[in-house]
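Listed below are the residues making up each chain.
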Amino acid sequence: MKKGLSLLLGSIVILALILTGCGNSDSKSSSGSSSSNNGKLEIFSWWTAGGEADGLKALNSAFNKKYPNIGVKNEAVAGGAGSNAKAVLATRMQGNNPPSTFQVHGGAELMAYVDAGKMQPLNDLYKKNGWDGKFPKDLMDLVSKDGKIYGIPVDVHRGNVLWYNKKIFDDNNLQPPKTFDDFFKVADKLKAKGITPLAMGDKEPLGATTIFEDVLLGVLGPDKYKQLWTGDLSFDDPGVKKSAEIFKKMLGYINDDHSSLAWQDADELVANGKAAMNIMGDWAKGYFTSKNMTYGKDFGAVNTPNTDGSFMIVTDTFGKPKGVKNSKQVDKYLTELGSVEGQDAFNPKKGSIPARTDADASKYDEYSKNAMNDFKDNALVPSLENGSAAPQGFLTKVDTAVNVFVTQKNVGNFINSLKQASSSLK
Ligand code: GAL
């Protein structure tokens, strides 16, 4: 994993230097030098779009109410799945200038910082708050190493969701697709009516790699899907080729302007009826509800084709970097983020379900209630694109291969690139 972090740092430091200071407008200073922050807590994330930004705001307001004298500075850097934020963060961590706490996916992404000796264990904080047993074991495994806990999961997102515009489906008498065959039948009908079947926004890697990982899950099933990221299943497997072919076919149904759109722009096409479907993690639900759309009335959701029974986990966690200023205040913020109140302020707006098992289910809509049940019953699999399944160095190569494939659509070249990338997995 040390290799993971050095790859991460090595490959993105230049990008980070370019990006530093170029964050979104929500962020007062994306470089976030501690000295200029007058002792405020620096909360680092990439939550800037509708839904995710609202969740963060709700969490920070809940914290402000409890601790009016502790300032909080939102240091979010825009870019889906942290496409820019991860690079900025890596530079800060490398320069021993960490934010007070930061969003990081449980699993490989967090462990790269743990293995590099950059994080403090949080066992005492868990103990102090009586959190033992309050978070599911599967999540604790993603934030723990050798008996030490390094992160507090604030949410659980589902990565394998197909969203659709309810009015378009109702007007055209269509049922949301359950299988790949259904998907292509529905897509053909929509195309014949002049409606863009599938909205994709791959300005950032999240838009296209999400579709590909969901297709892999649908074709391979949960066990083989997991083996792919641990190096136990070769990219020569016929299921991978089949997935690439299905993905290629899907790309025949997307919007022309996909490469200039972010994930939320693709969801906007679904929201305003310019496209019928989108494949994205359920932060998309946060986006739709932030536009005053209601689940079941204005938009619907089903699991991506052939993935019923599997729940692709995306979990955002927060940890405590070593050398952080205002240690006691940071603990207070982390305590709020891990509390029932904090999680129930954040998650209904974010689109996710609470990481804690004892949160108040009545605060969530029907979509999230179903997700809570599925999270308990389904086969849980990690998302590659959202940092849990494999190290960043590998993910970067997959993202590049996917990006090239979206343009070239050459299955053979694509599989070769994936195979080459996978040599780093074992
Ligand atoms: C994911 C993250 C979500 C959401 C999404 C879009 O990686 O886990 O919380 O922010 O990216 O940016």
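What counts and how
- Residues numbered from 1 in each chain as written.
- Predicted model: local features only at pLDDT ≥ 70, side-chain atom pairs only at ≥ 80, totals over all residues.
- Heavy atoms only, no water.
- UniProt positions renumbered as here; feature names shortened; annotations may be inferred.
- Salt bridge = Lys/Arg side-chain N within 4 Å of Asp/Glu carboxyl O.
- Buried < 20%, exposed > 50% of the residue type's maximum accessible area, 1.4 Å probe, protein only.
- Pairing = 2+ DSSP bridges.
- Helix = DSSP H or I, 4+ residues; strand = E, 2+ residues; numbered from the N terminus.
- Contact = heavy atoms within 4.5 Å.
- Axes fitted to C-alpha atoms, helices over the stretch in contact; angles between N-to-C directions.
- Near = heavy atom within 4 Å.
- Polar contact = N/O pair within 3.5 Å; in protein donor to acceptor, adjacent residues only side chain to side chain.
- Areas by Shrake-Rupley, 256 points an atom, 1.4 Å probe, with all protein chains shown as cover.
- 1 Å grid on protein atoms, 1.4 Å probe; cavity = no way out; pocket = protein on both sides within 12 Å on 5 of 7 lines; lining within 4 Å.
- Sits in = over half its atoms within 2 Å of the grid points.
- Nonpolar A, V, L, I, M, F, W, Y, C, P; charged D, E, K, R; others polar.
- pLDDT = per-residue confidence, 0-100.
- Points joined across faces, edges and corners; volume = space filled by probe spheres on them.

Looking at an unreviewed UniProt entry, one finds the protein chain named Probable sugar-binding periplasmic protein, with Pullulanibacillus camelliae as its source organism. Recorded under Function (unreviewed entry), the UniProt text for the protein chain is reproduced unchanged: "Part of a binding-protein-dependent transport system for a sugar." Regarding the protein chain, the relevant UniProt record gives this comment under Sequence similarities (unreviewed entry): "Belongs to the bacterial solute-binding protein 1 family."

### Regarding the pattern of salt bridges
Enumeration over the complete set of coordinates arrives at 19 salt bridges. Where Lys73 meets Glu75, a salt bridge forms, and the shortest distance between an N and an O atom there is 3.1 Å. Comparing Lys73 with Glu75, the two get one shared label, buried. A salt bridge links Asp298 to Lys297, with the nearest nitrogen and oxygen atoms 3.6 Å apart. What you see here is one network of salt bridges that share partners, running through Glu42, Lys73, Glu75 and Arg92.

### Focus on the sheet that holds strand 13 (residues 310–314)
The strand order across the open sheet built from 4 strands is 15-8-13-16, with neighbouring strands paired in mixed fashion. Each edge of the open sheet carries a strand with a single partner, namely strand 15 (353–354) and strand 16 (379–382). Alignment of strand 8 (residues 155–158) against strand 13, held across 2 bridges, turns out to be antiparallel. In the strand pairing of strand 13, Arg158 is matched with Ile313. Those strands touched by helix 9 (residues 206–230) are strand 13 and strand 16, and its axis lies near 90° from that of strand 16.

### Structural notes on the site of the ligand
Around the ligand sit 14 residues in total, of which Glu52, His105, Asp316, Lys350 and Asn386 are the nearest. Within the backbone of Ala81, one N or O atom sits 3.1 Å away from an oxygen atom of the ligand. Taking Asp316, its side chain carries an N or O atom lying 2.6 Å from an oxygen atom of the ligand. Relative to its free-state accessible area of 310 Å², the ligand is covered by the protein chains to the extent of 100%. Of the pockets mapped on this structure, the ligand occupies the largest cavity. Looking at side-chain class alone, the shell around the ligand contains 6 nonpolar, 5 polar and 3 charged residues.

### Describing the sheet that holds strand 10 (residues 196–199)
Spatial ordering of the open sheet is given by 10-11-9-12, a layout of 4 strands whose pairing is mixed. Single-partner strands in this sheet number two, and they are strand 10 and strand 12 (299–303). The sheet shows a mean angle of 25° between the axes of neighbouring strands, direction not considered. As defined by bridge partners, strand 9 (residues 161–165) adjoins strand 12 across 5 bridges and the pair is classed as antiparallel. The residue bridging Val161 from the neighbouring strand is Asn303, located in strand 12.

### Comments concerning the confidence of the model for the protein chain
Taken as a whole, the protein chain shows an average pLDDT of 92; of its residues, 91% reach a score of 70 or greater. Taken as a whole, residues 1–36 scores under 50 in pLDDT and shows 65 contacts with residues more than four places along the chain or in a different chain.

### Things to note about the layout of surface pockets
When its volume is computed, the largest pocket comes out at roughly 380 Å³. Taken together, 21 residues line the largest pocket, and the ones lying closest to its centre are Ser83, Pro205, Gln392, Thr396 and Asp399. Taken together, the elements giving at least two residues each to the lining of the largest pocket come down to helix 1 (2–19), helix 3 (85–94) and helix 16 (392–408). Ranked by the residues each element gives to the lining of the largest pocket, the list is headed by helix 16, at 6 residues. Partitioned by chemical class, the residues of the lining of the largest pocket number 7 nonpolar, 8 polar and 6 charged.

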